Amino acid sequence: MRIPPVEADDGHAAQIELDFLRNILGMLPAGVTVQDEHGRYVLVNDAAAAQLGLAAGDAATPTRLGHRQVNAVELLRSGRPALTEECIGDGRARQVLLTSHRPVRIAERPLLISTSTDISEQKAFEDQLFRSAYYDELTDLPTRRVIEHRVNKMLAQDDPQSRFALAFLDLDNFKQINDYYGHTVGDALLVELARRLGRELRETDMLSRISGDEFMLLLAPIESTQDVADFIAKMLDRLRAPFFIDGSEIFTSTSMGVSLYPDHGRSYEVLRQNADLAMYRVKNGGKGAAAFFDAGMEHEALARMKVEQSLRLAILEKRFCCAFQAKVDIRTQEIKGIEALVRLRDDAGVIQAPGTFVNLAVELGLIDELTHLVLAEIVKSIDLINDTFGHEATISINVAAQQAGNPEFMTSFVRALEATGFPKRFIVEVTEDAFVTKSVFQQDILPMLRNIGVGISIDDFGIGYSSLSALADITADEIKIDRSFITDIHRRPRSQGILRAIESLSEALGMTVIAEGLESFEELAYLQAATRIRYAQGYYFSRPIFLEELRPAVPLASEARVSLASRAVQPNRPAYSRGERYRR
Ligand code: C2E
Ligand code: MG
Ligand code: MG
């Protein structure tokens, strides 16, 4: 260190020099301390005094040695420099110091010089980064990285004796809840859900939030598959109980897929994928349940990929057509309207029902194009439609719930409906799930449709997530009661009760009721005798038919059985004018 020369006598000069050094030392932003071989402080500058809570001064009373967490005595003995991170204080006052220690000898005295920089802010930021990488902010659960790391650690031990289970969980109706109740309630639901899931987990288990409404659960170790099945069944039960959030009673269900180590895979990726496949199977089935992975699911996934490819190709090549099914007045047998039901001609020319591809088209973002193709086909065939069903018949088009809540698509769709020149003949059929996204559909989309005179129908009513009370909020023209209520209605008192309730509520709200999937004379007789329902749609009256072929739609594999059954009831069938002549 260079000090400017001082013009004075020797003693005085030394004093000035000392003051000068002392001032500089005092003003240094870094903390500087000097300790002797007993750990006593020989020098503490102002910054160090503040950091360590010591009195400043070059010969401070070294009473609170405990502040310095490193052992000065030992460091001096070792004679080696060291770099340490020291935490001082706690809570909000917590400080982190990065300190460099250097043992030196000055005038034969062993001394430890330590310089400290306050890195609290940097540390807090690092901690925050660490937390956000490894912990989910909302639920405080570990993230996917943590669970992956844990699984990999267990896999590295490669001990097939220590079995574990990996479960993939997904809420069944989270989007609807979010849309209906808002994101704050949605978030609160996730937090509460995480709490319920976390209950009864062992120290060695781990629950992690993967994204949105997806969770991953690690159960380790496990004894038997049955144990896991029992535990998961209990968990699903617990999740089925209503959640009370913000004054609302919210019902939800969860789909779960489970894979086991080592039975279903020996790497995290394979186990996760297989749990995912099992979950997917549950989603496509009844939802709200759990399934263990099995090898058949792999084949399913492969088949699904093939369908995906061929669907993309079919849309590219516009290999779609429409079958039309009549909505019939059950008192007069007149046709009130028709519903367009999309069909796909697959690569081999076989006709496929929408059940095999509509959901996939929604998932792949291809559904909007498909809906426009359906509308185009209707416009192209309008003369034939009029000849077959009459000029007054309304024309229903199905729109997926996801589309119905998408203002961008609906704007373009409304424009296309208007461009047909006969928008007033159209009815848009959406499932009740679309109405759950109340804010968007009711406020933004409905007025657009009303504006051009298009009717609104609630499709498949009774199987979605809305309730009868939600019906009161919905302003639709028509309500179609799902086939599951109509099948065998004449011998199912419970369904009869539900039907009566829907009927009277719909009547009060001025909505036309349509019974879907009417297949037998007995069902018809019940509707005629015991209800005021006017309209029905079903194989009993007519299957969906292809116009251009002027014959019933080629029976689909899944419809073959019913086809025979409906032929059997033909003698009892009431006189049926239009469309009948196309039946062989
Ligand atoms: P949906 O709108 O409820 O249509 C009625 C479905 O029930 C049709 O099946 C019809 O063929 C079938 N069905 C009618 N009567 C009977 C009966 O008496 N017994 C039985 N077992 N079934 C009957 P499809 O054509 O396979 O369509 C299934 C679903 O696919 C439709 O249900 C609709 O939600 C959807 N879908 C059809 N076309 C389109 C479309 O263009 N776009 C969209 N987004 N979805 C469509
Ligand atoms: Mg429909
Ligand atoms: Mg329906």
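Scope of this entry: the structure provided in the associated data block. (Residues numbered from 1 in each chain as written. Chains lettered and ligands numbered in written order. Predicted model: local features only at pLDDT ≥ 70, side-chain atom pairs only at ≥ 80, totals over all residues. Heavy atoms only, no water.)

Turning next to the coordination of the magnesium ion (ligand 2). Ligation of the magnesium ion (ligand 2) by protein atoms is provided by E339 (OE), N398 (OD1), E429 (OE) and D459 (OD), these donors lying 2.0 to 2.2 Å from the ion. For the magnesium ion (ligand 2), the single-chain donor residues occur in sequence as E-x58-N-x30-E-x29-D. The distance between the magnesium ion (ligand 2) and the magnesium ion (ligand 3) is 4.0 Å, with D459 acting as a donor to both metals. One end of the pair, N398, is in strand β16 (residues 394–398); the other, E429, is in strand β17 (residues 426–431), with 31 residues separating them in the sequence. Given the relative accessible area of 28%, N398 is considered partly exposed. (Donors = N, O, S within 2.8 Å, 3.2 Å for Na, K, Ca; no water. Helix = DSSP H or I, 4+ residues; strand = E, 2+ residues; numbered from the N terminus. Buried < 20%, exposed > 50% of the residue type's maximum accessible area, 1.4 Å probe, protein only.)

The strands making up a sheet associate through backbone hydrogen bonding, with each pair oriented either parallel or antiparallel. On the basis of which strands lie adjacent, the open sheet formed by five strands has the order β2-β1-β5-β4-β3 and antiparallel pairing. If you trace the sheet from one side to the other, it starts and ends with β2 (41–44) and β3 (82–88), each paired once. Strand-to-strand, the axes of this sheet are offset by a mean angle of 25°, without reference to chain direction. In the sheet, strand β1 (residues 31–35) pairs with strand β5 (residues 109–118) via five bridges, with the strands oriented antiparallel. Bridge pairing in β5 links V34 to I113. (Pairing = 2+ DSSP bridges. Axes fitted to C-alpha atoms, helices over the stretch in contact; angles between N-to-C directions.)

Quick look at the coordination of the magnesium ion (ligand 3) now. Ideal geometry at a metal gives 109.5 degrees between four tetrahedral donors and either 90 or 180 degrees between six octahedral ones. Protein coordination at the magnesium ion (ligand 3) comes from D459 (OD), D460 (OD), E516 (OE) and E516 (OE), with a distance range of 1.9 to 2.6 Å. Sequence spacing of the donors to the magnesium ion (ligand 3): D-D-x55-E. With relative accessibility at 23%, the residue D460 sits in the partly exposed group. Judged by its relative accessible area of 12%, E516 falls in the buried class.

Attention shifts here to the sheet that holds strand β7 (residues 206–211). Ordered in space as β7-β8-β6-β11-β12, the five strands form an open sheet in which the pairing is mixed. On the outer flanks of this sheet lie β7 and β12 (290–292), each paired with one strand and no other. Taken pair by pair, the neighbouring strands of this sheet meet at an average axis angle of 20°, ignoring direction. Where strand β6 (residues 164–171) lies against strand β8 (residues 214–219), six bridges are found, and the strand directions are antiparallel. For A165, the partnering residue across the bridge sits in β8 and is L219.

Attention now goes to unusual backbone geometry. Backbone torsion omega between A220 and P221 reads -5°, so that peptide bond is classified as cis. Tracing the backbone shows P221 in the loop between β8 and α8 (225–240). Each neighbour pair has its own omega, and for Y261 with P262 the value is 5°, a cis peptide bond. Even without being a glycine, Q333 presents a positive backbone phi close to 65°. Of note in the backbone geometry, D488 takes a positive phi value of approximately 60° without being a glycine.

Attention now goes to the packing of aromatic side chains. The full count for this structure, using the stated rule, is seven aromatic pairs. Arranged with centres 4.9 Å apart and planes meeting at 15°, the rings of F164 and Y261 form a pair that is stacked. One end of the pair, F164, is in strand β6; the other, Y261, is in strand β11 (residues 254–261), and 97 residues separate them in sequence. Assigned by exposure class, F164 and Y261 land together as buried. Measuring from ring centre to ring centre gives 5.4 Å for F409 and F413, while their planes differ by 15°; the resulting arrangement is stacked. Placement of both F409 and F413 in helix α15 (residues 407–419) is noted, with a separation of four residues, approximately one turn of the helix. The buried category is assigned to F413, whose relative accessible area is 0%. When the ring centre of Y535 is taken as origin, the NZ or CZ atom of K336, which lies over that ring, is 4.9 Å away. (Phe/Tyr/Trp six-rings, centres within 6.5 Å; stacked < 30°, edge-to-face > 60°. Lys NZ or Arg CZ within 6 Å of the ring centre and 35° of its normal.)

For the rest of this paragraph, the subject is the pairing of β16. Within β16, four of the five residues are buried, which leaves it mostly tucked inside the rest of the structure. With four bridges connecting them, strand β14 (residues 335–345) and β16 associate as parallel partners. Bridge pairing in β16 places E339 opposite S396.

With that out of the way, let us pick up the side chain of Q537. One can find Q537 in strand β21 (residues 535–537). If near-sequence neighbours (up to four positions away) are discounted, Q537 is found in contact with Q325, A326, K327, E339, K480, I514, A515, E516, G517 and L518. (Contact = heavy atoms within 4.5 Å.)

On the secondary structure map, R94 appears in the loop between β3 and β4 (95–106). Counting along the chain gives 26 residues from R94 to S120, while the straight-line C-alpha distance between them is 7.6 Å. Here R94 is in contact with C87, I88, G89, S120 and D127, once residues within four sequence places are set aside.

Let's shift gears to the pattern of salt bridges. Scanning the entire structure with this criterion turns up 30 salt bridges. The partner of K283 in a salt bridge is D170, and the shortest N-O contact between them spans 3.0 Å. Here the residue K283 occupies a position in helix α9 (residues 268–284), and D170 occupies one in strand β6, the gap between them amounting to 113 residues. Using a relative accessible area of 19% as the deciding quantity, one classes K283 as buried. Of the residues examined, D170 reaches a relative accessible area of 10% and is grouped as buried. With its nearest N and O atoms 3.2 Å apart, the salt bridge here joins E429 to K327. (Salt bridge = Lys/Arg side-chain N within 4 Å of Asp/Glu carboxyl O.)

Attention now goes to the site of ligand 1. Residues in contact with ligand 1 amount to 25 residues; listed here are only the nearest, E339, R343, D459, E519 and Y539. Contact distances for ligand 1 include 3.2 Å between a nitrogen atom and a backbone N or O atom of V342. Taking D459, its side chain carries an N or O atom lying 2.7 Å from an oxygen atom of ligand 1. Burial of ligand 1 by the protein amounts to 85% of the accessible area it has alone, namely 790 Å². At the level of secondary structure, the elements contributing two or more residues to the shell around ligand 1 comprise β14, α12 (367–380) and β18 (455–461). Looking at the shell around ligand 1, the element that brings in the most residues is β14, giving four residues. (Near = heavy atom within 4 Å. Polar contact = N/O pair within 3.5 Å; in protein donor to acceptor, adjacent residues only side chain to side chain. Areas by Shrake-Rupley, 256 points an atom, 1.4 Å probe, with all protein chains shown as cover.)

Just distances and angles here, no functional claims.
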